[in-house]
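Residue-level structure breakdown
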Amino acid sequence: MSSVKRMSFNRIIAYVVGYALCILMIAPLLWMVISAFKQPGSTVTVISKLFSTPFSLDSFVKVLTPGGTAMMWRWTLNSVIVGVVQTAITILFSSWAAFAVSRIQFKGKTLIFAFILAGMMVPMESIVVPLFEMITSLGWTNSYNALIWPGMMLPLAFLILKQFIDQLPNELLEAAKIDGANTFTIWWKMILPLSSSSMASVGIFVFIQSWNNLLWPLLVAQETSMMTLPVGIPTFQSIFATDLAVPMASNVLASLPALIVFWLFQRHIVKGISMTGIK
Amino acid sequence: MKQIKSHTYKNYLTALAFLAPFMIIYLWFWIYPILKGFLMSLSKGSLGTAGTFAGLDNYRYLLQDDKFWSTLGNTLYFIVISTPALVILGLAMAMLVNMKLKGTTLLRTAYFMPYMLSISVVGSIWVFILQSRTGLIASTLSSLGIPMNFSFFGSWGMGWLSILIATVWWTVGFNMILFLAGLQEIPDDLYEAADIDGANRWGKFRYITMPSLRGVTTLVIILQTINSFKLFGQTWLITKGGPGTSTTPIVHYIYQIAFRQWDTGYAAAVSFVLFLTIALISLIQYKLLMSKN
Amino acid sequence: MSQVVIVIMIFSLVLAGCSSANNSKPQNENASGSGNSQGKVIELKYWVPFSGSDGEYMESMVKAFNESQSEIKVEFMNNNWDNYYPKLLASLVSNAAPDVAVAHVSQLANLVPTGKLEPLNALATDAGLDWSTFASNQEQSVVRDGDHIAVPLDTHAVVMYYNKKYLSEAGLLNEDGTIKLEPGAEGFTNMLLKLKETLPADVSPLIIGSNNIFTYWIWYALVQQQGGTYFADGVPTIDTPEGKAAMELIKSWIDQGLAPADIGDNSYDIFKTSKAAVTFTGVWSTGNFETEASLEFAAAPFPQLYSQPAAWGDSHTLIVPKQDNREKQVAAVKFANWLADNGHMWAKAGHVPVKPSVLESEEYKALPYRADYAAVMDIVKYMPDSQQLGAVNDAVLESLVEVNYGLKPVEDALKEAQDKANKLVSK
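Please read these numbers as outputs of a predicted model, since none were measured by experiment.

Reading guide: rules and limits
Residues numbered from 1 in each chain as written. Chains lettered and ligands numbered in written order. Predicted model: local features only at pLDDT ≥ 70, side-chain atom pairs only at ≥ 80, totals over all residues. Heavy atoms only, no water. Salt bridge = Lys/Arg side-chain N within 4 Å of Asp/Glu carboxyl O. Helix = DSSP H or I, 4+ residues; strand = E, 2+ residues; numbered from the N terminus. Buried < 20%, exposed > 50% of the residue type's maximum accessible area, 1.4 Å probe, protein only. Contact = heavy atoms within 4.5 Å. Buried area = accessible area lost by both parts, 1.4 Å probe. Polar contact = N/O pair within 3.5 Å; in protein donor to acceptor, adjacent residues only side chain to side chain. Domains from an automatic or database assignment. Nonpolar A, V, L, I, M, F, W, Y, C, P; charged D, E, K, R; others polar. Pairing = 2+ DSSP bridges. Phe/Tyr/Trp six-rings, centres within 6.5 Å; stacked < 30°, edge-to-face > 60°. Core = buried A, V, L, I, M, F, W, Y, C linked by side-chain atoms within 4.5 Å. Axes fitted to C-alpha atoms, helices over the stretch in contact; angles between N-to-C directions. Parallel < 35°, antiparallel > 145°, perpendicular 65-115°, else oblique. Left-handed = near helix turned anticlockwise from the far one by under 90°. Expected span 1.5 Å × (residues − 1). Arc of directions from axis to C-beta.

With that settled, consider the pattern of salt bridges. Counted by the stated rule, this structure contains 18 salt bridges over all chains. In this structure, A:Lys162 and A:Asp166 form a salt bridge, with 2.7 Å as the shortest nitrogen-oxygen distance. Of the two residues, A:Lys162 and A:Asp166 are both situated in helix H7 (residues 154–166); the distance of 4 residues between them amounts to about one turn of the helix. A relative accessible area of 12% places A:Lys162 in the buried class. Its relative accessible area of 36% is what places A:Asp166 among the partly exposed residues. One salt bridge in this structure joins C:Asp239 and C:Lys244, with 3.5 Å as the shortest N-O distance. Relative accessible area serves as the criterion here: at 29%, C:Asp239 is assigned to the partly exposed category. Among the residues examined, C:Lys244 registers a relative accessible area of 27% and is labelled partly exposed.

Rendered as C-alpha cells:
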C-alpha cells in the first residue's frame, strides 16, 4: 500500500493561503534588503531591473560614514542606551512593586493596585504636551533624561509580573520567612530567580516598544546627535534624492538589532506577548 | 499586642520601600502630566510663554472646531476599518500556524517579523512601494506597459487604504500571537469528542473554537481599538496627514496644534479629551470582558 | 542568570544616573556670559535646522570660518527641522539660547515677541558690518521698529526649471536657451498644451507638488502677481478674486492633463528622471538636479503670469539672542557677516547669496545656473509678519489640496480656508 498521505482539500487550501500570506508578508522586507545592497541612486522600483543592476555595499558605506547630518552610530547608541535603561528600570521597579502588592500585607493594597491598573488607560500620546512642558522647564530637553524617564510601560509590566508572583507556591515563601529571611532577601533570593524567565519575556517586549518609539523622541531629541534611530532614519529620505538605495540601507541597519533580538529570543517574545493576554 | 503593631508598621515600611521607586516614576511621569495637562488646557499659552487663565475657552473652541471633529471622525473611521481586518487576519494566521503545516515556524516568523520593525522603517518601505509614478508598484506596472491610473495617496479612501495596508502588515503578527496562545489553550479532547459526534470543520470551528476564543477575541479587539486611537506614525510618515486633512488622526492633530500652531493650551485640551475617550472605551470594554468571563 | 540580570540592571541605573548628571550641565553654560575677554578664543554655539545637503554645506562653511581666523570658534549644532522653532522659542524664553541661530524671515514674527532678540545696529558697527552691502529687499525684511533684528544670509525662492531637450523638441526653445513664452497665464498654459502634443505619453508637461506645500507656494505667488494680498492689516485675505483666479488656474492645469494630480515629494524625482518637462520648485533643488547626468535643464525665475512679477520665497537669517556677554554677540555678528560675504559657498546648496558683491563675484558666476537666480531676489514677496502664519498657511494648504484632488470646488475651498484662517487668528 502506498504510504503517500492524501491531504484533505482543506489542508491544501491551508498550504496555499498560508504560503501566499507568507510571501506577501516577506516580500516588502526582501525588497528592502535587496535595494539596500545597490549603489546609491540605482533604480530599484522596477522589479525586473532589481537583479540586473549591480550589487554593492556603497549605500551602506554612505549611511555609516559619520559626518554631516547622518549619525547612524550615535543614533544606534542612543536607542540602545535608552532601550536598555528603560527596560532595566521598568522590570526592576515593576518587580519590586509587584512583589509588594502581591505578597506584602498592608492596608490600602487594593487601592494601590487599582490605581496602578488605571494607569494602563493613559496613552503616552495624550500626555506628550504637558510632558514636553515639564521637560522644558526642567531643562532636560535634548538629554538622555528626557528620552528615558517618560514613557516607561510600568503598569503593564507590573500587572504581568504581579500575576506571575501571585501564582508562586506559598509554601516556598513561608519557608523562607520561617528561616528568618527579611523581605528583601525573599525578593532577592526567591522571587527574582523564580520570575526571571517572565521578567525576561516582559523585558524583551518592553525593549521592543522602547526601541520603536517615535513620537516622544521626535519631540525631545532636537539636536541630531540626540536622536534615536526611528527619529533619525527618515532624514535619509531627503526629498531631494531620487535615491532609494540609501534610505533602504539605513532601514536595514536600523532593523538589524531588533531582528537579531528576534532571532535569538523568539520564544521569549512570543511568551511575553501571550502573557499580556492573561489579563 | 506590641508585636502586631510593630509588625504592621514594619509591613508598611517594607511595602513603601518596594513601591517607592515605581511610584515615584509613575506619579511624576504618568499621573502628574495628566493633571498638568488638564491645568494647561484651562489656559491659553504658547511654548515657553506663560499662559493666561482662560477657563473653559479651549473646550468651547474645541466643540466648534471642525478640524477636531473631522480628525476624531478620521480616527473612528480608521478603527472601524482596521479592527475587523486585524482581528480576522490575525485569527486566520494563528489558525494556519496552529495547523502545524510543513514549515510552520517559517510561517510564524514571516507573519510576525514586521512587528519587530520600527515605525520609521515601516513608513519608509510603504511610501516607496505605494507612491504614485515613482513607487515600486507604479514603476513596475508602467515598465510592463500597464499604466496605474489610481493613486494610493490620492483621495480620502485611498489614503486610508494605504495606511490600512501598512498598519496591517506591521501589527497583525501581534494579534496572531495572542490568538495562537488562545488556540493552544483549547483542549484537544473537545475536538476529538466533536469528531466522534461527526462534526465537520465548520461545525468544529463554530461551536468549539469560536466560543473558546471569545475572551482572547475581546482582548484583541480592546487592544486593537486603543492602539488605533493612538495612530500617529503611519500618517505622519506615509501620507503626511493628507491629502488635505483626510488622513489626519487625532494624535497627529494634537502634534500640529502644539508644534505647528504653538498653541499648547488648546493642544492640552484636545489631549485631555483624547485621554478621557480612551479611558472611557477601555473601561467599557474592560467591563464587557469581565462580564463575559 | 538572575545574577547577570541584577548586574545589568544596576549598571543601567548607574548609567541613568550618570546621564542625568552629565546632562544638567550644558544647559547652564549658555545662560550667563562666561568671560572670555583676554584674547582667548571666543566660542559660539550656532544652531541650524538643516537636513540633508544644506547641513553639509553649512558645516563646511563653519569649518572654513574657524580655519580662516583664530579669535572665534563656532560650534555647529544641527537640529531636527520639525520642531526647531519650538525649541528655539523655548530656549529664548528660558535664557538657554545659543549664541547665534538660523531663523527664517517668516518665523521672526514668532521670535520677536519674546523680547530676546538683540537689535543689531549697535553690534553691527562694532563688528564692522555694513547694512548697505546687503540687497535692499532682503535687508528691509529684517527691520523691525527701526532696527535690524537679524542678519540676512540668503534667499531661497521657488523658480521654474525646464527640460531643454523636451522644450526644444516642441519648438519652444529660443536660441539663447530661454523658453518661447507668450505673456500671461494663457500664454503659459498654451505652452504646456503645445508640450503635451509632442511629449511621450508617460511624460507630463508640468509637474508640481499637488499634495504638499508647493501648491501653497505657487498659489501664493500667483496671488501676489495679481497684486493681491495674503494678510491685510493683520487680517487674512484668502477668499478673494485673486485667490480664486490663482487656484482655478492651477486646477485647470490638472484638469487638462497638463500636470498630474497626487504628486507629493516625488515631484523632484519625476523631473529629475525626465518624466516631466517643466517644474516649479525651490532653488535648492539645483544641486540635486545637477547630479543627474542625463538631465539637460535650465532655470528661470518664476514666470510672470499676471500683472506683476512675484515669486514665493523666504530667507534664512541669523539672529543673535540677548545675553550678558557682549563680546560673544559682536563675534556672532562678525560670523554672520562672514557667512554672507562667503555666500558663494552657501550658493552651492542652491540658495541665493544676499550680498550683491557676491553675486558679481567670479566664484559665484562660475557656478552654473546660479546667475539666473539673482533676478529672483528682487521679486520675492515675503510672507506677512504674523504669529499665526504657520497655522494659517497649513490651513490654507489643506483646503487648496482638496481642490487639486477634486474634493472641493475652488469657491468652497477658499471660503473654507478663509473661515479657518479667521478662526486661527482670533483664537
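In this assembly, 90 residues from chain B lie in contact with 95 residues from chain A. For the pairing of chain B and chain A, the buried interface totals around 8,200 Å² over both sides, and the portion due to carbon and sulfur atoms is 80%. Taken together, the connections running from chain B to chain A amount to 0 salt bridges. The tally of links from chain B across to chain A stands at 16 residue pairs in polar contact (both at pLDDT 80 or more).

The next point concerns the domain arrangement of chain B. Residues and elements named next belong to chain B. Parsing chain B into structural domains produces domain 1 (1–40) and domain 2 (57–291). With centres defined by C-alpha atoms, the gap from domain 1 to domain 2 works out at 36 Å. Each side of the interface is counted separately: domain 1 has 4 residues, and domain 2 has 7 residues. Interface area for domain 1 against domain 2, summed over the two sides, is near 420 Å², with a carbon-plus-sulfur share of 78%. Area buried by domain 1 at its contact with domain 2 is led by Ile34, Phe38 and Met40, which between them contribute 89% of it. The interface formed by domain 1 and domain 2 includes 0 salt bridges. Between the two partners, domain 1 and domain 2, sit 0 residue pairs in polar contact (both at pLDDT 80 or more). For the side of domain 1 that touches domain 2, a count of residues per class yields 3 nonpolar, 1 polar and no charged.

On to the pairing of strand S11 (residues 297–300) of chain C. Residue and element names in this part refer to chain C. The alternating pattern of S11 places Phe297 and Ala299 on one face and Ala298 and Ala300 on the opposite face, and all of these are buried. Both strand S6 (residues 151–163) and S11 contribute to a ladder of 4 bridges, which runs antiparallel. Within the sheet, the bridge partner assigned to Tyr162 lies in S11 and is Ala298.

Among all positions in helix H6 (residues 136–143) of chain B, only B:Leu136, B:Ala138, B:Ser139 and B:Thr140 are buried. Tucked inside the fold, the buried residues of H6(B) contact helix H1 (9–36) of chain A together with helix H5 (119–130) of chain B.

Moving on to the packing of aromatic side chains. Scanning the model with the defined rule gives 59 aromatic pairs over all chains in all. When the centroid spacing of 5.6 Å and the interplanar angle of 40° are considered together, the rings of B:Tyr255 and B:Phe259 count as tilted. Taken together, the residues B:Tyr255 and B:Phe259, both in helix H12 (residues 250–259) and 4 residues apart, mark about one turn of the helix. The residues B:Tyr255 and B:Phe259 share a single accessibility class, namely buried. Here the aromatic rings of C:Tyr161 and C:Phe297 are separated by 5.9 Å at their centres, their planes lie at 50°, and the arrangement is tilted. With a gap of 136 residues between them, C:Tyr161 in strand S6 and C:Phe297 in strand S11 connect regions that are remote in the sequence.

On to the nonpolar core. Within the largest apolar cluster, 343 residues are counted, with the highest numbers of intra-cluster contacts made by C:Tyr46, C:Met58, C:Trp219 and C:Trp253. Setting aside residues no more than four positions away along its own chain, C:Trp253 makes contact with C:Phe188, C:Thr189, C:Leu192, C:Leu206, C:Leu258, C:Ala259, C:Phe280 and C:Leu305.

Residue and element names in this part refer to chain B. Relative to each other, helix H3 (residues 66–98) and H12 sit at 145°, their axes nearing to 8 Å. Contacts from Lys67, Phe68, Thr71, Leu72 and Thr75 in H3 reach Ile250, Tyr253 and Gln256 in H12. Counted by class, the contact of H3 with H12 contains 4 nonpolar, 3 polar and 1 charged residues.

Take the packing of helix H10 (residues 241–255) of chain C against helix H19 (residues 410–425) of chain C next. All names here are of chain C. Viewed as axis vectors pointing N to C, H10 and H19 meet at an angle of 130°, and their least axial separation amounts to 10 Å. With respect to each other, H10 and H19 are oriented oblique. Here H10 runs over H19; the crossing is right-handed. Counted together, Gly243, Lys244, Met247 and Glu248 of H10 and Val410, Glu411 and Leu414 of H19 form the full contact between these two elements. Taken together, the residues of the contact of H10 with H19 break down into 3 nonpolar, 1 polar and 3 charged.

Along the polypeptide, A:Val129 turns up in helix H5 (residues 128–138). Spatially, the C-alpha atom of A:Val129 lies 42 Å from that of A:Lys189, the residues being 60 residues apart in sequence. Residue contacts for A:Val129: discarding those within four places in its chain leaves B:Met40, B:Ile254, B:Ala258, B:Thr264, B:Ala267, B:Ala268 and B:Ser271.

This part covers H19(C). All names here are of chain C. For H19, spanning 16 residues, the distance from its first C-alpha to its last is 22 Å, which sits close to the expected 22 Å at 1.5 Å a residue. Buried residues of H19: Val410, Ala413, Leu414, Ala417, Gln418, Ala421 and Leu424, and no others. Buried residues of H19, seen end-on, are gathered within an arc of 135° and therefore sit on one face of the element.

We now examine unusual backbone geometry. Residue and element names in this part refer to chain C. Residues other than glycine seldom take positive phi values, yet Asp145 does so here, at roughly 50°. Its location among the elements puts Asp145 in the loop between strand S4 (143–144) and strand S5 (147–148). You will see that Asp233, though not glycine, has its phi angle at about 55°, which is positive. For Asp233, the location among the structural elements is in the loop between strand S8 (231–232) and strand S9 (235–236).

What follows concerns the domain arrangement of chain C. Here the domain parsing of chain C yields domain 1 (41–153 + 315–341) and domain 2 (159–310 + 386–425). Each of domain 1 of chain C and domain 2 of chain C has a C-alpha centre, and the two are 32 Å apart.

Residue and element names in this part refer to chain C. Take Ser386: it is sitting in the loop between strand S14 (380–381) and helix H18 (389–404). When its relative accessible area of 11% is taken as the criterion, Ser386 is described as buried. Other than its neighbours up to four places away in sequence, Ser386 contacts Ala109 and Phe231.

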